[in-house]
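Fold and contact review
The primary structure of each chain is shown beneath.
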Amino acid sequence: NAGVTQTPKFRVLKTGQSMTLLCAQDMNHEYMYWYRQDPGMGLRLIHYSVGEGTTAKGEVPDGYNVSRLKKQNFLLGLESAAPSQTSVYFCASSYKGLHGTQYFGPGTRLTVL
Amino acid sequence: GQQLNQSPQSMFIQEGEDVSMNCTSSSIFNTWLWYKQDPGEGPVLLIALYKAGELTSNGRLTAQFGITRKDSFLNISASIPSDVGIYFCAGQVNAGNMLTFGGGTRLMVKP
């Protein structure tokens, strides 16, 4: 099993550009999450999904959109990138009801100029 | 919102030394977790604690759930170079709630 994979690993955007980060998991997990990691601030939840076709806002959702069209995929979109969105983005997944036991992907390092 | 304060923010120790770090909160959590993030990777769950006062080990790692439910501690004995990374604590109020993460403790080990 590959676990949780993220595409791409690195990306540089100009302010105002858009992009989509892809997360895929092959563990048949119900729950999926998107976090951002900034120095000294730990991991902050952007959006999450408790099942196919459902999404919900986390702690820092502004400027991001998500979609969960298939159970194994969770997409994070930036419609108009801003320098404040420069960060490392992590996707995670977990079994239903087990938010605590999350499996993380390797991360995507995004720089917005 | 809820915040978890981890200390120290970073540690630079000699191989073989023991390490202690902690995580405190102004509010109660009913589950505490410790994750480790290797350089360039995503976090991996090390230990989960579900009961106040609980002491749980995973190899050279030992974590404790504080009796006030507002803190947790992680100890690493006889550190080795592969212990290098960032250690995150995370708290969960109830099973249906999301995790709140601390800011992390960066551990560096000198061979």
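The structure contained in this document is the topic of the report that follows. (Residues numbered from 1 in each chain as written. Chains lettered and ligands numbered in written order. Predicted model: local features only at pLDDT ≥ 70, side-chain atom pairs only at ≥ 80, totals over all residues. Heavy atoms only, no water.)

1. Here's the deal with the nonpolar core
Stated precisely, the cut-off is as follows: Grouping buried Ala, Val, Leu, Ile, Met, Phe, Trp, Tyr and Cys residues that are joined through side-chain atoms within 4.5 Å yields what is termed a nonpolar core. Three labels apply to residues, based on accessible area from a 1.4 Å probe with only protein chains included: buried if under 20% of the type maximum, exposed if over 50%, partly exposed otherwise in between. Under the DSSP-based scheme used, a helix requires at least four consecutive residues in state H or I and a strand at least two consecutive residues in state E, with every element numbered from the N terminus.
With 21 residues, the main nonpolar core has Trp34(B), Leu74(B) and Leu107(B) as its most contacted residues. Residue assignment for this core shows that the elements contributing at least two residues are strand E2 (10-14), strand E3 (19-25), strand E4 (31-37), strand E5 (43-49), strand E7 (61-65), strand E8 (71-76), strand E9 (85-92) and strand E11 (105-110) of chain B. Of all hydrophobic cores here, the second largest spans 20 residues; its members include Leu13(A), Met32(A), Ile46(A) and Cys91(A).

2. A word on the environment of Leu61(B)
Residues and elements named next belong to chain B. Heads up, the rule is: Only heavy atoms enter the contact rule, under which two residues are in contact if any of them lie within 4.5 Å.
As for its placement among the helices and strands, leucine 61 is situated in strand E7. In sequence terms leucine 61 and serine 79 are 18 residues apart; their C-alpha atoms lie 9.7 Å from each other. Excluding residues that lie within four positions of it along the chain, leucine 61 makes contacts with Leu46, Ile47, Thr56, Leu74, Asn75 and Ile76.

3. A look at the interface of chain A and chain B
Which entries qualify depends on this criterion: In this description, buried area is defined as the sum, over both parts, of the accessible area (probe of 1.4 Å) that is lost when the two are combined. The rule for a salt bridge is simple: a side-chain nitrogen of Lys or Arg has to be within 4 Å of a carboxyl oxygen of Asp or Glu. Whenever two N or O atoms come within 3.5 Å, that pair is a polar contact, provided that in protein one can donate a hydrogen and the other can accept it, and provided that, for residues adjacent in sequence, both atoms are side-chain atoms. Each residue is assigned to one of three groups, with Ala, Val, Leu, Ile, Met, Phe, Trp, Tyr, Cys and Pro labelled nonpolar, Asp, Glu, Lys and Arg labelled charged, and all others, Gly among them, labelled polar.
With 18 residues of chain A at the interface, the matching set in chain B holds 18 residues. Of the roughly 1,300 Å² buried where chain A meets chain B, counting both sides, 60% is carbon and sulfur surface. Summed over the shared surface of chain A and chain B, the result is zero salt bridges. The interface formed by chain A and chain B contains two residue pairs in polar contact (both at pLDDT 80 or more). Where the side of chain A that touches chain B is concerned, the elements lending two or more residues are strand E4 (31-37) and strand E5 (43-51) of chain A. A per-class count over the side of chain A that touches chain B returns nine nonpolar, nine polar and no charged.

Geometric values such as these leave the question of function open.
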